Amino acid sequence: MALLGNRGISLVVGIFTMTATWVGGGFIVGTAEAVYNPSMGLIWAVMPVTATLCFIIGGVFFAGPMRDNRYITMMDPFHIKYGSVTTATLAIAALASEVMWVAGTLIGLGVTMSVILDLSYTVSIWISAAVAISYTLLGGLYSVAYTDVIQLVLIFISLWLCVPFAMMSPATADITVTSFNNSFQPPWVGSLETQGIWLWIDNFLLLGLGNLGLQNFHQRTLSATSSATAKTCCFTAAFIVPTLGIPPILLGAVAASTDWNLTAYGSPSPYERGETGMILPITLSYLTPPYISIIGIGAVAAAVMSSTDSALLSAASIFSSNIYKNILRTQASDTEVQTVIRVSVVLVGLLGTCLTFQDSSVLLMWMLRSDLTYTVMLPQLICVLFFSVSNGYGAVLGCVTGVVLRLLCGEPLLGIQPVIHFPGCTLVDGVYVQYSPIRTICMLSSMAAILTFSWLASQLFGAGLLPACCDVFDVNRKQPPGGTKALGEDHSTKASEPGSADVSEPMLDSTC
């Protein structure tokens, strides 16, 4: 498999695969879960809209520089500028985010199959993982991209087919009536109190900009035939993804408008039973005919596969290219790297699968993964691409600053109590809730630390106040002519054009 599809992914296929990567099981199941949850509602179900923000910002600022420099992964600029040690440290965070992406998407299919097909959750998860791992191994990015085209069509048709059947169920009230009235639970539109505005903004930026720190996103732009194609894919997907969020929103609204006593599900409601994370499959199972619920499984399965295979390949790209080839075994042969890619896909798939058994909430995995990429990877990527002053010292100390500050802020999802109480921190049901935008504060603090410590290190070593022998990150080294091109590529070749000679050569060829 070629990790970047020989940089030959066309505009149409690129749009499909970019969209399908985002519209995964986590996206569908998580959006429905947020709308149904009485403590959240539609106003907090921001995932479809945040995708638009991600693609527009990514297309304007990131797609061009990344594609024009012909990087293989998003970690390449770190390796070129900071060296091996810093890159390896940051690569661990990038790999962890991809593992959580795999876990979140597999949970979406696992809960759906377990409810509708009456299979155990464990069996459902392992079946899903086995299928995703198997066909990712078979063809690399080409297999991922072209199956995404089929999967996206199936997702669109299947989800919209399920919506009218669910809305016409005798147990369901008119969703326009329940949107602002207390019927069976608080209005599904939700509410936003004054004290929660900054928290909402924080979540919006987290889910939107956090995805820019994912290899998953950059692999799509790096595989495009040109930087113009990469940008067009981003801008087009920015408007397609929100439309695919409408069906799960409607299904979540239907669930919130249902008298579950009138269904075979009975009382108490899914929320009262602690099954909010399973609301989409429950809705399909009890409010639609059996053959329609099976079609709904097909939609979720297609969504899961389209995202899981992308995350598996992204993680394999980072490990094989930036850790194994560039650090552990610089003289590794192509055959050896091919083996490492395959082993990486399997190991990441197994790690993500094991993580699904820790919690069955898609939103939990989605939030934790976004938290990691937003507070750690995003400021690092911005600094390495757009600030020449950044160096290894700033990168390491900025990472430490962001992680430590984030832990001190606390995290209710992980049971971590806050040490730092920002304005608005309130004790709710025995748990401290930070109503300040703590994640954005941590992200900006990390970025400020990167730039400050980078400048300070360059001044100290540049002025001779610290001896050169102590400069372990070699901040005064000169960059090679031609800029920071991708490792192992010919800097003199203008291969970013579709007709260039080396476009036909894979970046890391592992043809089966």
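Residue indices begin from 1 for each chain and proceed along its sequence in written order. Where local features are concerned, this predicted model is filtered to residues with pLDDT of at least 70; where side-chain atom pairs are given and counted, the filter is 80 or more; whole-chain, interface and lining totals use all residues. Side-chain figures throughout are based on the complete set of non-hydrogen atoms in the structure, without hydrogens or water.

Quick look at the overall build of the protein
Secondary structure elements are taken from DSSP: a helix is a run of H or I of four residues or more, a strand is a run of E of two residues or more, and numbering for both begins at the N terminus. Scanning the protein from N- to C-terminus turns up 17 helices and two strands. The cut-offs for exposure are 20% and 50% of the maximum accessible area for each residue type, with area from a 1.4 Å probe on protein chains only; residues under the lower value are buried, those over the upper are exposed, and the others partly exposed. Taken across its 512 residues, the protein has 58% of its residues classed as buried. When contacts within the protein are restricted to residue pairs at least 6 apart in sequence, long-range pairs at least 24 apart make up 82% of them. Carbon and sulfur atoms provide 68% of the accessible area of the protein, an area that totals close to 19300 Å². Note on definitions: a residue-residue contact is assigned when non-hydrogen atoms from the two residues lie within 4.5 Å. All accessible-area figures derive from a Shrake-Rupley calculation using a 1.4 Å probe, and residue coverage is judged against the displayed protein chains alone.

Points about helix α16 (residues 392–409)
Along its 18 residues, α16 runs 26 Å from first to last C-alpha, staying within 8% of the 26 Å computed at 1.5 Å per residue. Within the sequence span of α16, burial applies to Gly 392, Tyr 393, Gly 394, Ala 395, Gly 398, Cys 399, Gly 402, Leu 405, Arg 406 and Cys 409. Two N or O atoms form a polar contact when they lie within 3.5 Å of each other; inside protein one atom must be a possible hydrogen donor and the other a possible acceptor, and for residues adjacent in sequence the pair counts only when both atoms belong to side chains. Sitting at the amino-terminal end of α16 is Asn 391, which places a side-chain oxygen 3.1 Å from the backbone nitrogen of Tyr 393. Just beyond α16, the residue with positive phi is Gly 410, at close to 85 degrees. Expected helix span is taken as 1.5 Å per residue step, with the number of steps being one fewer than the number of residues.

Structural notes on the confidence of the model for the protein
Residues shown with low pLDDT carry predicted positions that ought not to be read at fine detail. In predicted models, pLDDT denotes the confidence assigned by the predictor to each residue on a 0 to 100 scale. Averaged over all residues, the pLDDT of the protein equals 84, while 90% of them reach at least 70. Predicted confidence is poor over residues 478–484, with pLDDT under 50, and the contacts of this stretch with residues over four places away or in other chains come to eight contacts.

Focus on the pattern of salt bridges
Salt bridge criterion: a side-chain nitrogen from Lys or Arg within 4 Å of a carboxyl oxygen from Asp or Glu. Per the counting criterion, the structure on display carries six salt bridges. Between Asp 371 and Arg 406 there is a salt bridge, with its nearest N and O atoms 2.9 Å apart. Taken as a pair, Asp 371 in helix α15 (residues 362–386) and Arg 406 in helix α16 lie far apart in primary sequence, 35 residues in all. Each member of the pair Asp 371 and Arg 406 is classed as buried. Through salt bridges with shared partners, one network takes in Asp 202, Asp 371, Arg 406, Glu 411 and Arg 439.

A few points about the nonpolar core
By nonpolar core we mean a set of buried residues, namely Ala, Val, Leu, Ile, Met, Phe, Trp, Tyr and Cys, connected to one another through side-chain atoms within 4.5 Å. Core analysis: the biggest nonpolar cluster contains 123 residues, and Phe 55 and Met 75 have the highest contact counts within it. No other element matches helix α5 (residues 84–116), which puts 16 residues into this core. When near neighbours in sequence (up to four residues on either side) are disregarded, Phe 55 contacts Met 18, Trp 22, Phe 217, Cys 234, Phe 235, Ala 237, Ala 238 and Val 241.

Details of the packing of aromatic side chains
To pair, rings of Phe, Tyr and Trp, with the six-membered ring standing in for Trp, must have centres within 6.5 Å; the planes then decide the type, stacked if under 30 degrees apart, edge-to-face if over 60, and tilted in the middle. According to the stated counting rule, one finds 14 aromatic pairs in the structure shown. With a centroid separation of 5.5 Å and 25 degrees between ring planes, the pair formed by Tyr 393 and Phe 461 is classed as stacked. Residue Tyr 393 is found in helix α16, and its partner Phe 461 is found in helix α17 (residues 438–462); the two are separated by 68 residues along the sequence. This pair shows no difference in class: Tyr 393 is buried, exactly as Phe 461 is.

Structural notes on the packing of helix α2 (residues 25–36) against α5
Only the stretch in contact is used when a helix axis is fitted, and all axes are lines through C-alpha atoms; the angle between N-to-C directions ranges over 0 to 180 degrees. At a minimum axis separation of 7 Å, α2 and α5 run at an interaxial angle of 65 degrees. α2 and α5 meet at a crossing whose hand is left-handed. Touching Gly 25, Gly 26 and Val 29 of α2 are Gly 104, Thr 105, Gly 108, Val 111 and Thr 112, all from α5. Residue polarity is assigned by list, with Asp, Glu, Lys and Arg as charged and Ala, Val, Leu, Ile, Met, Phe, Trp, Tyr, Cys and Pro as nonpolar; anything else, Gly included, falls into the polar class. Taken together, the residues of the contact of α2 with α5 sort by class into two nonpolar, six polar and no charged. With the far helix as reference, a near helix turned anticlockwise by less than a right angle produces a left-handed crossing, and one turned clockwise produces a right-handed crossing.

Notes on the environment of Ala 448
Within the secondary structure layout, Ala 448 lies in helix α17. In the structure, Ala 448 is positioned 65 residues away from Cys 383 in sequence and 9.6 Å away in space, judged by C-alpha atoms.

Some points on unusual backbone geometry
Note the cis peptide between Ser 267 and Pro 268, where omega equals -5 degrees. Backbone geometry places Arg 70, a non-glycine residue, at a positive phi of 55 degrees. By secondary structure assignment, the location of Arg 70 is in the loop between α3 (47–68) and α4 (76–82). Judged by its relative accessible area of 5%, Arg 70 falls in the buried class. The phi dihedral of Asp 474 is positive, around 50 degrees, even though this residue is not glycine. Examined against the element boundaries, Asp 474 turns out to sit in the segment after α17.

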